[in-house]
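Structural description and commentary
Below, each chain spelled out in residue letters.
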Amino acid sequence: MRFLFLNHVQNAFQSLRSSRVRSALTMLGVTIGVASVTAILALSGGASKIISDQISSLSGNIAVIRPGIATDPIISITQPKLNHYYATSTLTEADILYIKNTPHISEVAPLMVLSGSIKASSVAPSESTVVATTPGLANISNLKLREGQFLDKDLKQDAVVIGTQLSINIFGTESSIGRILTIRGQTFTVVGILKRSNNPINYNSIDFDNVAIINFTEGKKLNQNVAQIQQIDIKADSIANLNPAIANISKTILKSHNGEKDFSVLTGDQISQSTSQLFYMIAGVTTAIAAISLLVGGIGIMNIMLVTVAERTREIGIRKALGASNSDISWQFLIESLAISISGGIAGYICGYLIAFIISRSFLTFDPIINWQISIVALIISIFMGTLFGLYPAFRASRKDPIESLYQYS
Amino acid sequence: MAVDTLPPVIRLRGLQKRFGIGDAENLAINGINLTINRGEFVAVMGPSGCGKTTLLNILGLLDRSVDGEYELDGQPVSEISKRKQARIRSQQIGFVFQSFNLVSRLNVIENVALPLIYKGITRTKRLQIASDILRNFHLNEREYYMPCQLSGGQTQRVAIARALVNEPSIILADEPTGNLDSRSSHIIMEELSDLHKRGNTIIMVTHNPRLTTYASRVITMLDGQIDTDTRNITKQPVTRHRKKSARKLKRGKK
C-alpha cells in the first residue's frame, strides 16, 4: 500500500468536510447503533460488577450451584433463558442432602422460585416473587430484617417473611407483622419484614424488596410436592476451605447424576453473571434497537458512498489516467466509508455512556462500568460496518471505465 | 534490452476500435499502422470524429483496442496486466486533456501532486516536487488557488505541470490549446517543444494547423485511418512572439 494509506485518510476527511450535513446524517445511524451496544455493555458490566462487589463483601466464601451448564456472558445477555418457569431443574433434594453432609460447608440454602399470586387486602403486583428456601439464606445472603425475624425451624411452617415494598403493596403499610396473606390460596402469617435493600440485581436473581420467602417444605406443597430448585447457595466455614469443599460437592453430585454434567458450581466472579429478569428486558430491547439501527446505519453508509462515487466519477477517471490502479481507487472509497463509520462509532461510544449514565442515575441502582473491552467492541463494530457496507461502493468505483468517467459532464 | 536496438516507443499494427453493436456499429479506428520512435513530436490532425481522441486514449492505455496489435516499448499491451498498465500510466505517460480535468475539490498544488501519490512518494516530498514544477510554469504564486479561480491559460498550465510532474517519457496531449487564446497557446506550445528537445516523446492531437509547426511529424486522420503522414517539416523561422516567450520561460527556469 506504500504511503497511500495516510493520503487516503487525509483525502477522506477532506471529502467528508466538504459535505458536512450529509456526513453527519450518515454517521448518525452508526452512532445510534454503537451507542445502544455501548449502553448495553456498560450497564451489564455495571450489573455484574455490583454482584461481584456483593460477593466480595460477603467475604468470598460463597458458592452458587445452578442447574445446566453455565453459558458465557454474551450469550446469556443476548439469549436469556427463562429457566425460572419453563425448564425442569436438574437439581434435586438429594443434592441438597449431599451438600449438607460435605465437610466445611456451614450453610446451605436451596432457592425455589414459585409462580403464584400473593394476596392480602390487595393483590400483589406481578413483579413480586415467591421463594421457598431454608433459614440458612439469611446468613448466606446477609439479609437484614426491618422487623420481626427470619424463617426458623422452631416457627410454625406457615410463616412468611416479606419485603418492604411487597408489604406496602398488599397491606398498605410497612409494619405488617402477624397479618395474614394467601399464596396460591394457602394462608401464611407474616413473621418478619426485610430491610429495604433497593437492590433488584443480585446473584439470587430475587428482588428482596418484593419477595415473599416461605419454608422449603411449604413451597414443595404448593408445587404438587415436587422440589424445583433454581439455585443452591452454599457457604463454607472459611475462604480457604471453599474450593476443596466445592470440588468435593461437584464430584458427589456428578456421581449421583449418573456422570451427566448438568449443573454448574459458580464461585466469585462467575456468580456475577447477571441473571436479573429486569436486566434481560432492558438488554433485549436495546439489542433489538442496536441491531436495527446498525443495519439501517450501514445501508445509509452504502447509499451515501454510492452517491459519492457517482458524484466523483470524473475524479475517478482523472485519477486512473494519472496512474491509479483499481485497488488504489477502491481503497480510497473504502477508507472514506471507514472514516464515516469510525467517526460515527466514536460519537456512539460517547453517547452510549451518556445514555447509560442517564438510565442508571434515573432508574437503576448501579453505575455503568467503564473498561477498555467496551471501547474495543465499539471500534470493531464500526470497522466491521464501514468495511461491510463500503465494499460494494468501493468495488463499483474501481470498476468504472476511465474513458466514460473522464468524458462525463464534459 | 540492448541500447543500440531500442524498439520504437509505440508500434501499432492493424489497430481497430469499434463502438456500438449490430446496425449501429461504427469503427472509430479502422486499421491503423503506425510507428513512433523515441523523441518524436507527433501532431495528429483531422476532422472531428475521425478517431484522434480514441487513438490517444488507446495509446495512453486508458482504452483497449478490439483488434490489432499495440506494442509499447516493444511489449504487446494485451499481455500487460491491468495493475501493470496503471503503473505504466503512472510512471511513463503524462496526459494533458483539452478540458483540463483538474480535480475541483483540490487546490493547484494538490492537483499537480496527484500523480505522485500513485508513485508512492511521501506528502512533503510530493508538495516539494509539485512546487518546483509550478515555479517552472510561473504558477508558484497560485499554488493554493482552487482550479475555479484560475484563468483558462493558467488552468492548462497547471494541467501540463501535472502531466509532467512524474517525469513521463511519453506525453499525450489532447488539444492542449483548444480552449486558449493564441498567446496562451504559444506559451504552452513552447513548453511542449522544450520538452521535446529534452528527448521526450510527444503526441498531440490538435485542430489548429498553425501548431503543427512545432511538431517534427504531422499525421492527418480521416475516418479512423491515417490519411497523410509527413515527416521532417522544414523548421519555420522563429517568430518574434515565440522568441519572447522562449526567453521568458528560460528566465523562469533559472
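Residues numbered from 1 in each chain as written. Chains lettered and ligands numbered in written order. Predicted model: local features only at pLDDT ≥ 70, side-chain atom pairs only at ≥ 80, totals over all residues. Heavy atoms only, no water.

**A word on the overall build of chain B**
The helix and strand tally for chain B stands at seven helices and 10 strands. Considering chain B as a whole, with its 254 residues, one finds that 52% of them fall into the buried category. Across chain B, the fraction of contacts at a sequence separation of at least 24, relative to all contacts at a separation of at least 6, is 72%. (Helix = DSSP H or I, 4+ residues; strand = E, 2+ residues; numbered from the N terminus. Buried < 20%, exposed > 50% of the residue type's maximum accessible area, 1.4 Å probe, protein only. Contact = heavy atoms within 4.5 Å.)

**A closer look at the interface of chain A and chain B**
Facing the 27 residues of chain A at the interface are 29 residues of chain B. Contact between chain A and chain B buries roughly 2,500 Å² in total, counting both sides, with carbon and sulfur atoms accounting for 54%. At the junction of chain A and chain B, the tally comes to one salt bridge. Residues Glu315 of chain A and Arg105 of chain B are paired through a salt bridge, measuring 2.9 Å at the closest nitrogen-oxygen approach. The interface formed by chain A and chain B contains six residue pairs in polar contact (both at pLDDT 80 or more). Among the secondary structure elements, those contributing two or more residues to the side of chain A that touches chain B are helix H1 (4–18), helix H10 (313–321), helix H11 (326–362) and helix H13 (402–406) of chain A. Here the residues of the side of chain A that touches chain B are counted per class, giving 10 nonpolar, 10 polar and seven charged. (Buried area = accessible area lost by both parts, 1.4 Å probe. Salt bridge = Lys/Arg side-chain N within 4 Å of Asp/Glu carboxyl O. Polar contact = N/O pair within 3.5 Å; in protein donor to acceptor, adjacent residues only side chain to side chain. Nonpolar A, V, L, I, M, F, W, Y, C, P; charged D, E, K, R; others polar.)

**A short note on the sheet that holds strand S2 (residues 26–36) of chain B**
Residue and element names in this part refer to chain B. Spatially, the four strands line up as an open sheet ordered S2-S1-S4-S5, and their pairing is antiparallel. Each end of this open sheet is capped by a strand with a single partner; those strands are S2 and strand S5 (75–76). Summarising the sheet, strand S4 (residues 67–72) and S5 pair through two bridges and their orientation is antiparallel. For Leu72, the partnering residue across the bridge sits in S5 and is Gln75. (Pairing = 2+ DSSP bridges.)

**Here's the deal with the pairing of strand S7 (residues 170–174) of chain B**
The side chains of a regular strand alternate between both faces of the sheet. All names here are of chain B. By the criterion of burial, S7 is predominantly enclosed, with five of the five residues buried. The alternating pattern of S7 places Ile170, Leu172 and Asp174 and Ile171 and Ala173 on opposite faces, both of which are buried. Bridging between strand S6 (residues 93–96) and S7 involves four bridges; their strand directions are parallel. In the strand pairing of S7, Gly94 is matched with Ile171. Bridging between S7 and strand S8 (residues 201–205) involves five bridges; their strand directions are parallel. Directly across from Ala173, in S8, lies its bridge partner Met204. Running through helix H6 (residues 182–197), the crossover from S7 to the neighbouring parallel element S8 is right-handed. (Right-handed = clockwise from strand over helix to strand, strands pointing away.)

**Topic: the pairing of strand S6 (residues 159–162) of chain A**
Residues and elements named next belong to chain A. Side-chain alternation along S6 places Ala159 and Val161 on one buried face and Val160 and Ile162 on a second face that is also buried. Across three bridges, S6 lies against strand S9 (residues 211–215) in antiparallel orientation. Note that in S9 the partner of Ile162 across the bridge is Ala212.

**As for the pattern of salt bridges**
Evaluated as defined, the whole model comprises 20 salt bridges over all chains. Among the salt bridges present, the one from Glu40 of chain B reaches Arg231 of chain B, with a minimum N-O distance of 3.0 Å. Pair noted here: Glu40 of chain B is in the loop between S2 and strand S3 (41–45) and Arg231 of chain B is in strand S10 (residues 225–231), with a separation of 191 residues, a long-range link. Of the residues examined, Glu40 of chain B reaches a relative accessible area of 9% and is grouped as buried. Among the charged side chains, a network of salt bridges with common partners joins Arg312, Glu315, Arg319 and Glu336 of chain A together with Arg105 of chain B.

**A closer look at the nonpolar core**
Counting residues in each nonpolar core, the largest one holds 101 residues, and the members touching the most others are Phe150 and Ile213 of chain A together with Ile10, Leu12, Tyr70 and Ile203 of chain B. For this core, the element with the highest residue contribution is helix H2 (residues 20–57) of chain A, accounting for 11 residues. No fewer than three residues from each of domain 1 (4–49 + 279–406) and domain 2 (111–235) of chain A sit in this core. One finds Ile65, Ile105, Val108 and Ile214 of chain A within the second-largest nonpolar core, a separate group that totals 39 residues. (Core = buried A, V, L, I, M, F, W, Y, C linked by side-chain atoms within 4.5 Å. Domains from an automatic or database assignment.)

**Quick notes on the sheet that holds S6 of chain B**
Residues and elements named next belong to chain B. Pairing within the open sheet is mixed, and its six strands lie in the order S6-S7-S8-S3-S9-S10. The two strands at the open ends of the sheet, each matched to only one other strand, are S6 and S10. If you compare each strand with its neighbour and ignore which way they point, the axes differ by 15 degrees on average. Sheet topology note: the strand S9 (residues 217–222)/S10 ladder contains six bridges and is antiparallel. From the neighbouring strand, Thr220 faces S10, where its bridge partner is Thr228. (Axes fitted to C-alpha atoms, helices over the stretch in contact; angles between N-to-C directions.)

**Quick word on unusual backbone geometry**
Residue and element names in this part refer to chain A. At His104, a position not held by glycine, the phi torsion is positive, near 70 degrees. In this fold, His104 is placed in the loop between helix H4 (93–101) and strand S2 (105–114). A relative accessible area of 41% means that His104 is categorised as partly exposed. Here Arg184, not a glycine, exhibits a phi torsion of approximately 50 degrees, which is positive. Along the polypeptide, Arg184 turns up in the loop between strand S7 (180–183) and strand S8 (186–194).

**Focus: the environment of Asn30 of chain B**
All names here are of chain B. Take Asn30: it is sitting in strand S2. C-alpha of Asn30 to C-alpha of Gly51: the two residues are 21 residues apart in sequence and 8.9 Å apart in space. Beyond its immediate sequence surroundings of up to four residues, Asn30 is in contact with Leu15, Gln16, Asp223, Gly224 and Gln225. At 3.1 Å, the side chain of Asn30 forms a polar contact with the side chain of Gln16.

**Overview of the packing of aromatic side chains**
Residue and element names in this part refer to chain A. This structure, assessed with the given rule, holds three aromatic pairs over all chains. The interplanar angle of 85 degrees and the centroid separation of 5.3 Å between the aromatic rings of Tyr349 and Tyr353 together place this pair among those described as edge-to-face. Placement of the pair is Tyr349 and Tyr353 together in helix H11, with a separation of four residues, close to one helical turn. With a centroid separation of 6.5 Å and 40 degrees between ring planes, the pair formed by Tyr353 and Phe357 is classed as tilted. Remark: Phe357 and Tyr353 occur in helix H11; sequence separation between them is four residues, near one turn of the helix. We classify Phe357 as partly exposed; its relative accessible area is 27%. Following the ring pairs from residue to residue traces out a cluster consisting of Tyr349, Tyr353 and Phe357. (Phe/Tyr/Trp six-rings, centres within 6.5 Å; stacked < 30°, edge-to-face > 60°.)

None of this, on its own, says anything about what the molecule does.
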